[in-house]
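Each chain, written out:
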Amino acid sequence: GSLDLAELYLKMAINSDARDAVARGLLAAVRIQQDKPGEALELLGDQSQLMTDGQSGFLALAGQANLQAGNIDRALEIFGAGAGQFPNDWRFVLGQALAYLRVLRTDEAILLLETLDERDAPEVRGTTMVLSLVQKGDLEQADSEARRLAEKYPDAPWAQNLLAAW
């Protein structure tokens with residue numbers, strides 16, 4: 001499919017110039033989509049450097065790859081650094097929340113999700129909030145949130161599917 005085609009072209013670009021950071025970052029994103037976080041981390045290289053060089057996209061990818069690989073502490077470290085460097089970038093707050101959910105720190109995840117502006121990635125924020133509430137055992141609040149989202153986004157299949165899951 002389209003991921004395979006993207007992979008082919010990105011590999012060609014990297015073969016032409018192994019230092020092509022954009023191609024390496026994009027191929028890392030493909031690897032994450034292919035559930036190959038180890039390969040994504042290899043492509044991203046020195047994560048410590050990513051945390052100091054101001055590259056929000058690469059830093060977010062490193063956090064996501066670590067989270068996918070099960071390196072929760074490292075993911076939290078990266079997402080925390082990203083949230084500090086890029087306070088208006090929702091990817092880092094969401095990443096922290098997802099990492100907290102993986103280690104059953106649900107209350108912390110919910111607190112972070114509540115700080116996100118719903119206009120930033122409403123599908124991911126809304127779905128994650130409902131799943132967090134379910135994980136917490138607050139099914140009434142999860143149902144209420146799913147209904148609120150379905151009413152607010154009546155034409156969005158994700159919101160309607162979330163409600164139908166109840």
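To be clear, the structure that these remarks concern was listed above.
Residues numbered from 1 in each chain as written. Predicted model: local features only at pLDDT ≥ 70, side-chain atom pairs only at ≥ 80, totals over all residues. Heavy atoms only, no water.

Trainee: Provide a residue-level description of a nonpolar patch on the surface, including the pertinent values.
Mentor: Together, Leu5, Leu8, Tyr9 and Met12 give the surface a local cluster of nonpolar side chains, amounting to about 410 Å² of exposed area. Structurally, leucine 5 is set in helix H1 (residues 2-16). For leucine 5, a relative accessible area of 45% gives the class partly exposed. (Patch = residues over 30% accessible without salt bridge, like charges linked within 9 Å, V, L, I, M, F, W, Y side chains within 5 Å. Areas by Shrake-Rupley, 256 points an atom, 1.4 Å probe, with all protein chains shown as cover. Salt bridge = Lys/Arg side-chain N within 4 Å of Asp/Glu carboxyl O. Helix = DSSP H or I, 4+ residues; strand = E, 2+ residues; numbered from the N terminus. Buried < 20%, exposed > 50% of the residue type's maximum accessible area, 1.4 Å probe, protein only.)

Trainee: Describe the packing of aromatic side chains, with residues and values.
Mentor: By the definition in use, this model includes 2 aromatic pairs. Ring centres 5.9 Å apart and planes at 20° place the aromatic pair phenylalanine 86 and phenylalanine 92 in the stacked group. Aromatic side chains tyrosine 153 and tryptophan 158 sit 5.4 Å apart centroid to centroid with 45° between the ring planes, which places their arrangement in the tilted category. Take tyrosine 153 and tryptophan 158: they sit in the same class, and that class is buried. (Phe/Tyr/Trp six-rings, centres within 6.5 Å; stacked < 30°, edge-to-face > 60°.)

Trainee: I'd like a rundown of the pattern of salt bridges, residues and numbers included.
Mentor: Scanning the entire structure with this criterion turns up 14 salt bridges. Among the ionic pairs, glutamate 145 bridges to arginine 148, the shortest N-O distance being 2.9 Å. You can see glutamate 145 and its partner arginine 148 sitting in helix H10 (residues 139-152), 3 residues apart, about one turn around the helix. Here glutamate 145 falls in the buried class, since its relative accessible area comes to 9%. With a relative accessible area of 31%, arginine 148 lands in the partly exposed category.

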